[in-house]
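# Residue-level structural notes
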Amino acid sequence: MPSKQTVRKAKTDLRRGKRASTAAGEFVREEIEHVRRGKHGARSTKQAIAIGLSKARRAGVKLPPSKTSSKATRTKAAHDLRKGQSSAKKKTSAKRSRAISGVLKREGRSAASKKSLSRQAHQAARKRGSAARSQAAKKAVRTKGPAGRKQAARKAARTRQREAA
């Protein structure tokens, strides 16, 4: 169950005309925090992200599955979307809830480490074409503002220095 604050932030994002993926990001962020704080674990970073996206869909964010996702993922996404749109909220059975919590508690916590998240983001970016990456970088420049650009430039300089050594 997502926190009320997360749902409120996501709804605010949607009202401001932001994309569904931005609103869903709030749920993913919350899930990563749960893993970091030890509420439960995750087998991989991808699993933690998937749990967050599922919660977002169930909370009413109209987020379609990715074009490259498997048939099982598409089915799950469609089911979650239907759950999010319906007004009848049927409670998960206590037995099932306990079972899932037990399984997740036994998983590791490293899925939410900075290194794991960085690796996941890098892998996801590599799957996209160079044009899409370039477009994202151009948009970032437009939306960052002077302070953000300065910070990004410093980070890039540090990265170049580290890779040169």
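Residues numbered from 1 in each chain as written. Predicted model: local features only at pLDDT ≥ 70, side-chain atom pairs only at ≥ 80, totals over all residues. Heavy atoms only, no water.

### Section: the overall build of the chain
In plain terms, the rule: Numbering of helices and strands runs from the N terminus, with a helix taken as a DSSP run of H or I at least four residues long and a strand as a DSSP run of E at least two residues long. Only protein chains enter the accessibility calculation, which uses a 1.4 Å probe. A residue is then buried if its area is under 20% of the maximum for its type, exposed if over 50%, and partly exposed in between.
Looking only at helices and strands, the chain features seven helices and zero strands. For the chain, the sequential pattern of α-helices and β-strands runs α-α-α-α-α-α-α. Here the C-alpha coordinates of the chain stretch approximately 55 × 35 × 30 Å along the principal axes. Burial status across the chain gives 24% buried among its 165 residues.

### Observations concerning the side chain of Asp-80
Operational definition: Under the rule applied, a polar contact is a pair of N or O atoms within 3.5 Å (in protein, one hydrogen donor and one hydrogen acceptor; residues adjacent in sequence only if both atoms are side-chain atoms). Whether two residues touch is decided by their heavy atoms; if any such pair falls within 4.5 Å, the residues are in contact.
With respect to the helices and strands, Asp-80 occurs in helix H4 (residues 71–85). A distance of 2.9 Å separates the side chain of Asp-80 from the side chain of Arg-58, its partner in a polar contact. Excluding residues within four positions of it along the chain, Asp-80 makes contact with Ser-54, Arg-57 and Arg-58.

### Considering the pattern of salt bridges
How we decide: Any Lys or Arg side-chain nitrogen located within 4 Å of an Asp or Glu carboxyl oxygen qualifies as a salt bridge.
This model, assessed by the stated rule, comprises eight salt bridges. The partner of Glu-31 in a salt bridge is Lys-55, and the shortest N-O contact between them spans 3.0 Å. You can see Glu-31 sitting in helix H2 (residues 20–37) and its partner Lys-55 sitting in helix H3 (residues 45–58), a full 24 residues away along the chain. By relative accessible area, which is 1% here, Glu-31 ends up buried. Look at Lys-55 and you get buried, because its relative accessible area is 18%. If you follow the salt bridges from partner to partner, you end up with Glu-33, Arg-36 and Arg-37 in one network.

### Brief notes about the side chain of Gln-120
In this fold, Gln-120 is placed in helix H6 (residues 114–127). Its relative accessible area of 18% is what places Gln-120 among the buried residues.

### What about H4?
Condition: Take the residue count of a helix, subtract one, and multiply by 1.5 Å to get its expected span.
With 15 residues, H4 ought to run about 21 Å at 1.5 Å a step, and its terminal C-alpha atoms sit 21 Å apart, in line with that. Elements in contact with the buried residues of H4: H3.

### Description of the nonpolar core
As a reminder, the rule being used: We call a set of buried residues a nonpolar core when its members are Ala, Val, Leu, Ile, Met, Phe, Trp, Tyr or Cys and they connect through side-chain atoms within 4.5 Å of each other.
Counting eight residues, the largest nonpolar core is built from Ala-10, Ala-20, Ala-23, Ala-24, Phe-27, Ala-56, Val-61 and Leu-63. With four residues, the top contributor of residues to this core is H2. Apart from residues lying up to four places away in sequence, Ala-10 is in contact with Ala-23, Glu-26 and Phe-27. Membership of the second largest hydrophobic core comes to seven residues, among which are Val-28, Ile-32, Val-35 and Ala-112.

### Some details on the layout of surface pockets
By rolling a water-sized probe across the atoms, one finds the places where empty space is left. The test is simple: Definitions used for this entry: grid spacing 1 Å over protein atoms alone; cavity, a set of points where a 1.4 Å probe fits but cannot get out; pocket, an open set with protein on both sides within 12 Å along at least 5 of 7 lines; lining residue, one with an atom within 4 Å of a point. Grid points are joined across faces, edges and corners, and a volume is the space filled by probe spheres set on the points. Three classes are used, and their members are as follows: Ala, Val, Leu, Ile, Met, Phe, Trp, Tyr, Cys and Pro are nonpolar, Asp, Glu, Lys and Arg are charged, and the others, Gly among them, are polar.
One number sums up the size of the second largest pocket: a volume of about 190 Å³. Forming the boundary of the second largest pocket are Ser-3, Gln-5, Thr-6, Lys-9, Glu-26, Arg-29, Glu-30, Glu-33, His-34 and Arg-37. Residue assignment for the lining of the second largest pocket shows that the elements contributing at least two residues are helix H1 (4–15) and H2. When residues in the lining of the second largest pocket are grouped by element, the largest group, six residues, is from H2. Here the residues of the lining of the second largest pocket are counted per class, giving no nonpolar, four polar and six charged.

### Considering the confidence of the model for the chain
The condition that has to hold: A residue's pLDDT is simply how confident the predictor is in it, with values from 0 to 100.
Looking at the chain, pLDDT values average 92 and 100% of them are 70 or higher. Taken element by element, the predicted model of the chain shows its lowest mean pLDDT in helix H7 (residues 130–164) (91) and its highest in H2 (96).

### A look at the packing of H2 against H3
The condition is simple: Here, axes are lines fitted to C-alpha atoms. For helices the fit covers the stretch in contact, and angles between N-to-C directions go from 0 to 180 degrees. In this scheme, roughly parallel covers angles under 35 degrees and roughly antiparallel covers those over 145, while 65 to 115 is roughly perpendicular and the rest are oblique. Helix crossings get a hand from a simple test, with the near helix turned counterclockwise from the far one by less than a right angle marking a left-handed crossing and a clockwise turn marking a right-handed one.
Contact geometry of H2 with H3 gives a least axis separation of 8 Å together with a crossing angle of 130 degrees. Taken together, the axes of H2 and H3 lie oblique to each other. Between H2 and H3 lies a crossing whose hand is right-handed. Contact residues: Ala-24, Phe-27, Val-28, Glu-31, Ile-32 and His-34 in H2; Ala-48, Ile-49, Ile-51, Gly-52, Leu-53, Lys-55 and Ala-56 in H3.

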